[in-house]
Amino acid sequence: MNQPLFLKGVMQEKIWGGNNLKKVFGYDIPSNHTGELWAISAHKNGPAVVENGPYKGKTLAELWDEHRELFGNQDGDVFPLLTKILDAEDNLSVQVHPDDAYGLEHEGELGKTECWYIIDAEEGAEIILGHHAQTKEAFERMVEQGNWDELLRSVPVKPGDFFYVPSGTIHAIGKGITILETQQSSDTTYRVYDYDRTDAKGNTRPLHIRQSIDVAMIPHQDAKLSQSTQTIEGAAIKTLVQNEFFTVQEWAVSGKAGLTAQGLYTLVSVLDGEGTLTVEDQSYTIKKGTHFILPNEIKFWTISGNLQIIASIPGENV
Ligand code: ZN
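Here goes a summary of the coordinates provided. (Residues numbered from 1 in each chain as written. Predicted model: local features only at pLDDT ≥ 70, side-chain atom pairs only at ≥ 80, totals over all residues. Heavy atoms only, no water.)

## Here we look at the overall build of the protein chain
Regarding its fold elements, the protein chain presents 6 helices and 20 strands. A compact globule built from 318 residues should have a C-alpha radius of gyration of about 20 Å, and the protein chain, at 19 Å, falls within 12% of that. Projecting the C-alpha coordinates of the protein chain onto the three principal axes gives extents of approximately 65 × 40 × 40 Å. With 318 residues in all, the protein chain has 53% of them scored as buried. The long-range share in the protein chain, meaning contacts at least 24 apart out of those at least 6 apart in sequence, stands at 72%. Carbon and sulfur atoms provide 44% of the accessible area of the protein chain, an area that totals close to 14,200 Å². A gap of 3 Å separates the mean positions of the 26 positive and 45 negative side-chain charges of the protein chain. (Helix = DSSP H or I, 4+ residues; strand = E, 2+ residues; numbered from the N terminus. Rg over C-alpha atoms; globule rule 2.2 N^0.38 Å. Buried < 20%, exposed > 50% of the residue type's maximum accessible area, 1.4 Å probe, protein only. Contact = heavy atoms within 4.5 Å. Areas by Shrake-Rupley, 256 points an atom, 1.4 Å probe, with all protein chains shown as cover. Lys, Arg positive; Asp, Glu negative; His and termini not counted. Charge placed at Lys NZ, Arg CZ, Asp CG, Glu CD.)

What follows is the structure in structure tokens.
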């Protein structure tokens, strides 16, 4: 099929969510505690729906099951990637995700390696990325005693920053941050600490201390990123991360750029600006907040306008 698949995602309300998905992106949101848009998702907890063309009304999960040719006949039980936009009005829990082996054994789904592009951040906003414990024993002791200040490593962030969060990394998105996340398609989160906060009914959210200690990388090591930028006519293509699960790029388009497929298919999210996507002789308006997939048959396309885009390409090894 030589048409892009434009997608309507699924909003998820969260205790820590806000209204930036409406304020910044103009989406309809169910409440002022909307934490996540699952924009490009085939996950059962929030499958996106195709908005155009012959597959209009189908979910991405249905296309994965029934039209695998759109994805280059890639192997796998589930569509491997999930693109989200998160609005953290309050802190997310301190958490860790398992790798594939642990996730499949204990939860029946893949593990989660993720990465974050910071769209917006308030002055002074911070994330938690990693911890200071040198041994498992020290980690367990600090968790037991609630020594969070000593244990957790805070990192200041600003718009345009990028963070790679492999499975096993202790992490939390801090309040006042809006991000685009590319991750493995998984919904398994082990919560280490949730600031002792309660919902409207006075309930705390469950913690998963044993599993967290099982899967946490101890001591923490920052992942190495070898980033590079390629300049072509009309665009700068910056590779933010490349691993076995995904390659994530930032496309800064200004003018008219001819682009070529670099993998089986491409997930595309427009973070800013407005312009035109052209495939063969068909043109489509794209703008801030648009999400689409370029399926396997589309090998060349042009994008014109002034746009900031995040694109993800599945890894070979998923
Ligand atoms: Zn996470």
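## Looking at the pattern of salt bridges
Evaluated as defined, the whole model comprises 11 salt bridges. A salt bridge links Lys84 to Glu36, with the shortest nitrogen-to-oxygen separation between them at 3.3 Å. Of the two residues, Lys84 sits in strand S5 (residues 81-88) while Glu36 sits in strand S3 (residues 34-40), which places them 48 residues apart along the sequence. You can call Lys84 buried: its relative accessible area is 3%. Owing to a relative accessible area of 6%, Glu36 belongs among the buried residues under this scheme. (Salt bridge = Lys/Arg side-chain N within 4 Å of Asp/Glu carboxyl O.)

## Topic: the sheet that holds S3
Across the sheet, which stays open at both edges, the 6 strands sit in the order S2-S3-S5-S12-S7-S10 with antiparallel pairing between neighbours. If you trace the sheet from one side to the other, it starts and ends with strand S2 (10-18) and strand S10 (162-165), each paired once. Taken pair by pair, the neighbouring strands of this sheet meet at an average axis angle of 25°, ignoring direction. One ladder, built from 5 bridges, connects S2 with S3; its direction is antiparallel. Bridging from a neighbouring strand, Glu13 pairs with Thr34 of S3. (Pairing = 2+ DSSP bridges. Axes fitted to C-alpha atoms, helices over the stretch in contact; angles between N-to-C directions.)

## Topic: the pairing of S10
Going residue by residue along S10, you find Phe162 and Tyr164 tucked away on one face and Phe163 and Val165 tucked away on the opposite face as well. The pairing of strand S7 (residues 114-121) with S10 spans 4 bridges and is classified as antiparallel. Each residue of the ladder has a partner; that of Glu114, found in S10, is Val165.

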